[in-house]
Each structure stands twice: as C-alpha cells, then as structure tokens.
Amino acid sequence: MTAAIFVPSVGFGLVTASILALAAVGFTLQFGVTNILNLAYGDLMTASAYIGYQVNKAGGSLALSLLAGAAFGGVASLLLNRLVYTPFLRRGTKLFGMVIVTLSVGIIIQNTLLAIGGATFFTYNVHVGSTVHPLGFDLNTLQLMIIGLAIVAMIAVQLLLTRTKLGKAMRATAANRALAQASGIATDRVVSVAWLLSGLLCGLAGVVLVINTTAFRSTTGSDFLVVIIAAAILGGVGRPTGAMIGALILGIVTEVSAAYVSPSYKEIFAFGVLVIVLLVRPSGIFGHAAVTQEAPA
Amino acid sequence: MRRRLAAACIVTVAACGLAACGSSSSAGTGPDTGKKAVVFAVFNPFSGPDASFGPEQLAGCIPAATAIEAAGGILNHKQVSCKVADSRGDPADAVPAAQSLIATTGGLMGILGPSSDEASATAPLFNRSNIPMFADTGQKVFDTSKFAYFYRITAPDDAVGYAMALYAHSKGYSRAVGVFGNDISSQGTAPTSQAGFKKLGGQILLQSIPLDQSSYRTEIEQAVAFKPQVIFTEADPQTSATYLSELTQLYHLIPIVGTNGTNQPPWFKAVGGAIGQSNLAKFYGGAQPFAPTSGPAYVEWRKELAAAATKVPQPVKQWESDSYAMAAWDSINLMALAAQEAKSTNPAVFNPFILKVAKPSAGAVVVHSFPEGKQALAAGKKIQYVGAVGAITFDQYRNSPGQFEIVKSDGQTPIVTYTAQQVAAAR
Amino acid sequence: MNGTAYYVTTILVYLGVDIIAVWGLNLQYGLAGVYNFAFVMFQAFGAYIAAALTLGPSSGNGGFQAYILGGSLPWPLPVLAAGVASGLLALVVGLVALRKLRTDYQAMVMLVISVCATLLVTNDIGLFNGPAGLSLIPQPLTKLAAANTVNWQWWYVGATALICAIVYLFVHRVTSSPIGRALRAVRDNEEAAEALGKDVTRLRLCIFVFGNALAGISGAVLVQFIGAWSPGSWLYVETFVFLTAIIVGGTGNNLGVMLGALLVPVAFNEATRYLPQIGRPGLIDALQWIVIGLLALAFLWFWPRGIIPERRRRYPASSRAEV
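On a predicted model such as this, the values are computed, not experimentally measured, just so you know.

Engineer: Hey, could you run me through the overall build of chain A in this one?
Structural biologist: A count of helical and extended segments in chain A gives eleven helices and four strands. C-alpha atoms of chain A, sized along the principal axes, occupy 55 × 50 × 35 Å. Taking the intrachain contacts of chain A between residues at least 6 apart in sequence as the baseline, contacts between residues at least 24 apart amount to 74%.

Listed below in structure tokens is the structure:
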C-alpha cells in the first residue's frame, strides 16, 4: 500500500476518535466517580440516537437532534441512577452484582427499542455536505462538524474538571469518596452530576455515531461499547484526559491498520495496542492511582 | 427462611413447567384417521443479524396454510397452521430450540428451514425425527446431503456468486471490488463471485470487512485505488449503508451487484436512506434464485397471498415477487399434497411422496396449488406440482437448484435471468 | 414419540454443561474474587479444540472447512485436551491481565480480550473456519449406541453426569482445602492475606487456570453433543449469563450455583420459548429478553446473596464479599 493513503487514513481516524472520545469520556467520568461499571451505556447511546431520530423525522434540524439526544441521555442517566442503581446500592448490592444490574438494564433498553421500533434500520435525513481536503484529509463538512463538536466538548469537560469548584469536587470524590465526604463535599450531589454529565456525553455520542454510520438499529450502541471501554482502559480508567488520548490512539490505529494490513484485522490491531500498553503500564497511560487499589463499592 | 421457601417453590414450578412442556408431544403413527390440527413450523432466525430470514419464510407459509384450510384441510385435518420457531441464528441456541419444537409441537408435518446459521447443527436433528425440512441454507455441503428428509428448492450461495460474476461480465465490466461482511451468510458468496469473475477474464479486489463499524473510509480509499467499475457486495444493512454512503462521498457511485442477502426490505431501507432511493434504483442489481412473475402458479400465489394479506408480516407488497417466500409457499404445497396423496399426515409415511408429487409422469395432471391438487387427487388422477419457482426437479440429494435472476432495487423486477447451464459457464 | 426424550436429554446435557461452567466460574469469582469477564472465551476455546481433535484432518469432508490441529482422538481424550488447552490459554491470559490491577479493571481488560478473541476467530479463517464455524463434528460413544438415537442421547447424558461428578469432586476438594481457605482469605481481604505471606497473584493465577480448564471441559462436552460451533455461540454477553446464574444461585456456594445454572440459562431460556406468539414476528423475541432482564433484576433485589447463600465460615467474616 502506498504512502498516499496514510494521511487520509489518519483523517478518518480522527473522525472515529472524535466519536469515541465523546463516548469514552462520558463513560470514564461516571465510572471514576461512582465505581459502577455501566454496561447499559451503549444501549443508552442507541436510545438517545433514537430520540434524535424522532426529532429529525419530525423536521427538526441536526442541532436540535443533538440537543434532544443529549438531553434525553442526561435525564435518562440521572433517572437510572436515582431509580435503579442507587436503590440497589443501598440494598447492599456490591460491584459485581451492579455489573449484572447495569447489564440487565441495558438488555431491557435495547429490547424495548426493538419492540417499539422493530427489527429495522433508521436513517437520519441529513446533508453530509461537500468533501474538503484540510491538511490532505478527505472529510466532508459533517465529519468536520463531528470533530469540532468533540473538541469543544473535550475542552469544556477539561475546564469543568480543572477550573470549577464542582469539577474539583468530582475529582476529589473520584480519588477517594470517603475522604471527600469527610472534607465537606456533598458527594451525593457530585455523583448525580457525574451521571448527568456522563448521560449528556453519551447522548451526544449516540447521535454523532449514527450520523456517521448512516443507518442504525437497536444494537448499534452496544456493539460499540467494548471499543469505548477499551479507550477508557487505554487511557487509565476514571481519567477523562486519559480517555481522550485513548480514543485518539485507538481511532488512528484502527484506520491506519485497516489501510496497511487488512480491514478485517483493524479492531484486533487496536486491541493489540491496548494489550501492549497494559504490559508496559498495567493501569493505562494515565492511570497510576488505579493500581492495587481495591475497588470500593 | 421464607424467602428460601419461595425460591424452592419457584424452582419446583419451573421444573414442573419443563416436565409438563415435555410431555405434551405426540404425533400419530399408523393409519391417519385423526382430525387434529396439523402444523408447519418456520425454523429460522427471527432475532439477531439474520432476523429478516424468518419473516420471509413465514410470508410463504401463511398464505399456503390459509388456502389449505379454505380447501377443507389435509385429509381429515381441517386446521392447518404456521408456527414460528426462532433459531436465534447460532448453533448453540438452535439445538435446544429445534428439540423443543420437535418435542412440543403436536401434528408437526414439516419445517421451513434451517438457514445457513444453524443448518449443520440442526438438520440431523430434524432428519432423525423424520421431519421433512425445506432448507433455506446456502451452504455448499448440503449439495450432496445424505439426509432423507432434507430438501432444498432454492440455489446454494456459491451459485449466486457465479450469477453475480456473469451479470457484471455481461455488462462489460472488467474491474470489480468485492465487499463482503465477515459473517457467515455474507462470506458464502464471496469466493465464487471472485472465482467466477476471474474465470470470465475480470480483475477483482476482495475486501472482507468487519461489521457495524463507525466508518469504512480507509477501506474505501483502498477500493478506490483499484479503480473499480462495479461492486459485488453482501453485508448487513447498517454496514452496507455506512460503506456505500462513504463511497459516494469519496469516489462516486458505481453499479452495485448484490445477492439474495441484500435483496431484502431492511437492506433497501437502510441503503436507500444512506445513498438516496433514486441512486439505489439506478445503480443496484441483485442476484437471486429466479421465480417467474407470470404463469398459473404465480397467479395462484398472488391470489393466496392476497387472501392472507392481513396475517403475513407487513407490508404485504414486499412478498409479491419474493422468490424465497414463493419457494416457501411451494414447500408447504409440496408437503401438503404429498400427505394428501399418501393418505397420511405422518411424515415418515408421506416423505417419499414429496418426490413423487414433484416428478413428471405419464398421465399426470399438472397442478399449481393445493386446492387444485386435492381436487385432482380426489378425482383419482395422478398429479405433478409445478410451483411458483417453476418445475421442481430434485436431484438424488433432493436439491432443485433452478434458475437465477438479477433484480432491481425493489427486490422483484427482473433485469435479466440465467439458466443453471448459463451459470455453470462461470464455474 | 421420541421427541420428548430427545428434548429432555438435550436439556439435561445443556444443564450439565452449564453446571460445569458455573462451577468453574464460581471457583474464580465466588471463591477467589477473580473477575473473569472472558469466561466464555475459554469455554469456546475448549469447544474448538475438542472439535478440531475429533474432526480428523481438515481435508476431510471434501475440505469444506479449514481448521488447525485436525486429529481423531477417541473420547474422552478430546475433553481432557480441551481442559488442558483452555488451562494453558488461561495461563497466558492470566500472566497479562491478572497482575496487580484493581479487580474491576481486570474485569474490563478481560471483556476486551473476549471480544478481541471473537474478532480474531471470525477473521482468521485458517484457525477455526471463521464466521461459518466448525460443523459435522463426529459424536463420541457411538460404539455404545448408534448416533442420533434416543439411547445414544441417554448415554451422552450419562457421560455428562459422570464428568459433572468428577468435576464436583475436584471443585469440592479445592473449595474445602487449605488452598480454598487461602483463596477466600484473598477474596475477603487481600492486604491481610498478603501480610500473612500468601502469594496473592500466584494463588489467583492458579485458580484462574483451574476454573478456565473447567470452562474448556464444558465447551468440549457441549460441542461433542451439538456437533457444530461458531463465533455466534460465544459472544461476550454469554459470560454474563453464567455470572447471573452464580449470583442468582448463591455466590461461593457450589450447590447454589448449580441451582442458578438450572434457573438462568436453562429455565429462564426454555420457559420464554412458550410465551404465546403475539404481534409481528420478532416482537415476542424482544419481549423475551425484556423478561429475562427483569427476572435478573428481581432476583438481585429479593435474593441479593443468592437463593442458597454461602455458608458462614468459622473465621471472622467482617468484610465478606456478598454479591
């Protein structure tokens, strides 16, 4: 394969990375604060995308679909925590049981979508715009918009976490919940905000994912979940900055290996990178604190 | 403690439920004087990636069963129904599904299925229980199956691959790219479309792509570098929609040659949404087994489909010229007529009559539907069933491959048809 | 009619397979607190190995399927080989993933490994025939009764029961041995166990290998019965079916998880087949899954420690892992 394909494939990698970053940051943020491995995340993405699809079908603009998807994701995520996850935690369900709880919720969401929408495919009615060639990439305006949206969202998350009181409280809660509580942080409120924020990003990611895949169905989000988790682990679980870097690496490795090796091995290559990183740094690129710390529940 | 008791109760109830379900089976042997309802089952995926297979078979089953009932049933059995049995599309789930179907279905006369996803694990199960199956699996291994109860009246996948190559060649294309999803049904056609196209003097780049990725732009760059004039493709709807819409952006649309796997409403919906219905109509041609859309059997099929219009999966229009639904309809008719002629709905008795009913013989009346056949048999005549897929000529392995067609993006309107001999030229 | 006998024997074999599997997983999760989200991968590997070792050379059957190895070993050698192979695979995976990491972190790594394995087997046709999977796997014990007869089915149920019994002896022994006590100590309080001089990582690796060897055996027993195996049979969610069985039955309790195996993969699954067919095709299948999800939630809510909880041991149990 020639070198000519290298630059475009990096460009495509950036698109994949942008979608992945939105999803992985939302996933890891919530995990870092709450320690709940939320396997319903992918299905919530699909559900948000479906809400966005209904808005689009009713004649709403793309921006409105994104807003509706994000709002739905945020509210649903908050409600899931309030109505399902927290009650189970209060009942004494531990980490592993919570995994089964989130998985069951995911199965229920996915199959509710299947029951409502049927075993069919949905397509947003959007204009992809013309193809442009910034820096030698071959991207259309819609994809540039996805990259832009991801960059803005990432900057916003960074600012929130590092510059605001709430962000500092979140980081403190993630590092050590008991200590944070003892130092006067309202950890319950922080946890709620984490679910809300995670849901917002989840909703956004769901809508941009299905705009990029063009067609989607009830399993589209959950099919994407493992890649999201991989990006989160690569960067160090619970670390938003790490998830961004992880998404970037996975996105680019996937596309470049598709170009130079074989498309059918592209995900294997991406996961291979993950294994190598874990061999060198068992806790991921940014995850020093994660090592040997027993998971609190 | 009370909780424990409750748990024990639940377990007991569950166990009893299982046992009860297991004991409700029966199907008579010996002379058939029974009046019980008889059942045909659609054993195909109704969930998972190949969830579109099941409804297609069901759409053939229901009109036939409805018409059989209207004609007074099979022998003394007035009630004839179609049962849905979801194979879930993989061997490990399909085996217990098949066993429960066999064990708990009274009056089971035959199966529409299995599909490629589960055929190798479940065909032996139906065979040993003496249940005739009209399979929609495309696997080559069943070309020479030894099972006495295995029938196939649609073409295997590999033959479809040759038909695709033949069509592209006849259009004057010499550079093709084959884009096939890395799943079992899609991979079935990949090797023969490649071999056939090469044999006919063309050049082809084969891509096996992972399903449901967020993007295939890198793969498309590769394909574009090959400068193809035509695409051979089969993948699930989402994958194809993503791939083809990105191809439109990065290159331009080129003619698409699909398969029976893409001649499906969900695929047309997803891809049509992605690249535009008008583009799809302009560039698409899909290879599939041919079923004539004229002639007496076709008229019968349309009549029976219309009569059952409210009962089949909606919308009805999609099945009107669907060769797989039509083959399923033929299968039910064949089994029902065989039972009628054998004077028994016991499959072990009527199985040999399936071959007999399809075979031309001196003095036999050609019939195109169950009511017609039943009448002829009642008049003491011999019959030959010629169905919606045309004359059914079983070989020694109970395969009847038939002809091929290339259809437009409605999945029905033929562009061109090929005989089995013409397709063999690409082998 | 033999249909009932075929159905009952099939369910019994599946039950036996599920029981062996949940015992294996329970050793890891229930006893040692190892979070193995790649469990089904080890079951699948055992199944593939047993299949490849009985199918004969891959040129057989007209060479229509490609696979590695290719032997014609008599029963029960393929089952044993499957156990050994899955154990070896577990050793390699464990050396990478079971190092000093947070356990939930390990779980996620395992999940990724499981998906990666599915992708590899699907795309590398030469390994185990890619997406089409292996089929026409010969059935063992055909000297005792002709294949595909009810008698054969009963013989196979017997063989499965025998393997279950042997596995139970083994599992019981591990659970009640000093190693078992050490493992529980590791699960309940890793630092304390470490302080007492237990090599935590090694103990975990050990049980990881044992448990996954059982996974391999369960896969072998299943594949020799159904005669076919493909990537669709071992998607990563299948692991969660086994986990749900353990949690529903009673984590850490061998009899409890056995009950879980009866309830979750067998009873939930079979019972939902008999829901009446309503609405358009496919609707009922979606509802089936919703019911399974709700059942799992209900069990976790009402029986958080499982139906038969782990017996309290004599040593202080302040920080016991409950579910």
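Engineer: Even after reading the chapter, I still don't get the overall build of chain B, so can you show me in this structure?
Structural biologist: Scanning chain B for helices and strands turns up 16 helices and 15 strands. What you see for chain B is a C-alpha radius of gyration of 23 Å, in line with the 22 Å of a compact globule of 427 residues. In terms of its C-alpha atoms, chain B occupies a principal-axis envelope of roughly 75 × 70 × 40 Å. Contacts in chain B between residues at least 24 apart in sequence constitute 72% of all its contacts with a sequence separation of at least 6.

Engineer: What should I look at first to understand the nonpolar core in this one?
Structural biologist: For soluble globular proteins, nonpolar side chains are generally found buried alongside one another. Core analysis: the largest hydrophobic core is formed by 353 residues, its most contacted members being Ala21, Ile228 and Ala230 of chain A together with Val112 of chain C. With 17 residues, the top contributor of residues to this core is helix α1 (residues 3-31) of chain C. Setting aside residues up to four positions removed in sequence, Ala21 of chain A forms contacts with Ala150, Met154, Ala243, Met244, Ala247 and Leu248 of chain A.

Engineer: Mind showing me how you'd approach the interface of chain A and chain B here?
Structural biologist: Note: interface size is frequently given as the accessible area lost on complex formation between the parts. Between chain A and chain B, the residue contacts involve 31 residues of the former and 26 residues of the latter. For the side of chain A that touches chain B, the secondary structure elements donating two or more residues are α1 (6-34), α8 (187-213), β4 (215-216), α9 (220-235), α10 (240-260) and α11 (266-280) of chain A. In terms of residue count, α1 of chain A provides more of the side of chain A that touches chain B than any other element does, six residues in total. Partitioned by chemical class, the residues of the side of chain A that touches chain B number 14 nonpolar, eleven polar and six charged.

Engineer: Is there a simple way to think about the sheet that holds strand β6 (residues 175-181) of chain B in this case?
Structural biologist: Strands belonging to one sheet form pairs held by backbone hydrogen bonds; the direction of such a pair is parallel or antiparallel. Residues and elements named next belong to chain B. Taken in spatial order, the seven strands line up as β7-β6-β8-β9-β10-β14-β15 in an open sheet, and their pairing is mixed. Either end of the sheet is taken by a strand with one partner, and the two such strands are β7 (203-209) and β15 (414-418). Taken pair by pair, the neighbouring strands of this sheet meet at an average axis angle of 20°, ignoring direction.

Engineer: How do you make sense of helix α10 (residues 265-275) of chain B when you look at a structure like this?
Structural biologist: Residues spaced three or four apart along an α-helix face the same direction, because each turn holds 3.6 residues. Across the eleven residues that make up α10 of chain B, a large majority, ten, are buried. Looking only at α10 of chain B, the buried set comprises Pro265, Pro266, Trp267, Phe268, Ala270, Val271, Gly272, Gly273, Ala274 and Ile275 of chain B. If you follow the buried residues of α10 of chain B, they end up packed against β1 (122-123) and β4 of chain A together with α9 (237-250) and α11 (277-283) of chain B. Two residues or fewer past α10 of chain B, Gly276 of chain B is found with a positive phi of approximately 95°.

Engineer: What's the story with the sheet that holds strand β11 (residues 365-367) of chain B in this structure? I'm lost.
Structural biologist: All names here are of chain B. What the three strands build is an open sheet, ordered β11-β12-β13; its pairing is mixed. This sheet does not close on itself; its edge strands, each paired only once, are β11 and β13 (390-391). In the sheet, strand β12 (residues 383-387) pairs with β13 via two bridges, with the strands oriented antiparallel. Along β13, the bridge assignment pairs Val386 with Ala391.

Cut-offs used in this document
Residues numbered from 1 in each chain as written. Chains lettered and ligands numbered in written order. Predicted model: local features only at pLDDT ≥ 70, side-chain atom pairs only at ≥ 80, totals over all residues. Helix = DSSP H or I, 4+ residues; strand = E, 2+ residues; numbered from the N terminus. Contact = placed C-beta atoms within 7 Å. Rg over C-alpha atoms; globule rule 2.2 N^0.38 Å. Core = buried A, V, L, I, M, F, W, Y, C linked by C-beta atoms within 7 Å. Buried ≥ 20, exposed ≤ 12 C-beta atoms within 10 Å, placed from the backbone. Nonpolar A, V, L, I, M, F, W, Y, C, P; charged D, E, K, R; others polar. Pairing = 2+ DSSP bridges. Axes fitted to C-alpha atoms, helices over the stretch in contact; angles between N-to-C directions.

None of this, on its own, says anything about what the molecule does.
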